[in-house]
Amino acid sequence: MLKEKIKTDFKEALKSGNVQKRLVLSLVLSAVKSRELEKRSKLSKTEADAAKLEEQSKLTEEEIIEALSSEIKKRKESVDQYEKGGREELAQKEKEELIILMNYMPKQMSEEEIGAEVDNTVSQLGASGPKDIGKVIGIVMAKVKGRADGQ
């Protein structure tokens, strides 16, 4: 499971003294824990059994990938802002964190693969113009979730 891999890598980074990786993975684990608590809070309104609640509040692989995607998006935005502000050293630090995070994401799709998926969806829906673009994008994004960003 992805969460266990992140925990294991966090412990290894802690033991080896890899401060940057430890900090990045710590933030990811914190984001995952926060999402689990949020999920638990919502579920606690309908589930009284503590054991069931504990099990149901664990994040799925897809939800963990969403948390990772969120952290990756933050890093990308920071890199962009730092580069615009002429802070190359901070942009480089964010890029290094981004590389660490990308190791936990599923294999990313190439532009050609995404294009093929879009073409396939357009033909399946029979989309014919700009008015259908919302439907196409919604379906494609659901299919490529975690394997391609929204850009």
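Rules behind the numbers
Residues numbered from 1 in each chain as written. Predicted model: local features only at pLDDT ≥ 70, side-chain atom pairs only at ≥ 80, totals over all residues. Heavy atoms only, no water. Helix = DSSP H or I, 4+ residues; strand = E, 2+ residues; numbered from the N terminus. Rg over C-alpha atoms; globule rule 2.2 N^0.38 Å. Buried < 20%, exposed > 50% of the residue type's maximum accessible area, 1.4 Å probe, protein only. Contact = heavy atoms within 4.5 Å. Areas by Shrake-Rupley, 256 points an atom, 1.4 Å probe, with all protein chains shown as cover. Lys, Arg positive; Asp, Glu negative; His and termini not counted. Charge placed at Lys NZ, Arg CZ, Asp CG, Glu CD. Axes fitted to C-alpha atoms, helices over the stretch in contact; angles between N-to-C directions. Parallel < 35°, antiparallel > 145°, perpendicular 65-115°, else oblique. Nonpolar A, V, L, I, M, F, W, Y, C, P; charged D, E, K, R; others polar. Patch = residues over 30% accessible without salt bridge, like charges linked within 9 Å, V, L, I, M, F, W, Y side chains within 5 Å. Salt bridge = Lys/Arg side-chain N within 4 Å of Asp/Glu carboxyl O.

Let us look at the overall build of the protein chain. Within the protein chain one finds 7 helices and 0 strands. Along the protein chain, from the amino end to the carboxyl end, the secondary structure elements read α-α-α-α-α-α-α. Over its C-alpha trace the protein chain gives a radius of gyration of 19 Å, far above what one expects of a compact globule, namely 15 Å for 151 residues. With the C-alpha coordinates aligned to their principal axes, the bounding extent of the protein chain is approximately 55 × 50 × 25 Å. When the 151 residues of the protein chain are sorted by exposure, 28% land in the buried category. Put simply, 53% of the contacts in the protein chain that link residues at least 6 apart link residues at least 24 apart. When the accessible area of the protein chain is evaluated, it comes to approximately 10,000 Å², of which 54% is carbon and sulfur surface. Side chains of the protein chain carry 29 positive and 29 negative charges; the gap between the two charge centres is 4 Å.

Between helix α1 (residues 2-16) and helix α4 (residues 61-84), the shortest axis-to-axis distance is 9 Å and the interhelical angle comes to 50°. One element, α1, and the other, α4, form an angle in the oblique class. Taken together, the residues of α4 that come into contact with α1 (itself represented by Leu2, Lys3 and Ile6) are Glu61, Ile64, Ile65 and Leu68. The class makeup of the residues in the contact of α1 with α4 is 5 nonpolar, no polar and 2 charged.

Attention shifts here to a positive patch on the surface. A grouping of Lys7, Lys11, Lys15 and Lys33 is seen on the molecular surface, where their side chains present a positively charged patch. No other element matches α1, which puts 3 residues into the positive patch. Mapped onto the fold, lysine 33 is located in helix α2 (residues 19-43). Accessibility expressed as a relative area gives 46% for lysine 33, which makes it partly exposed.

The values reported here are purely geometric and, on their own, carry no functional implication.
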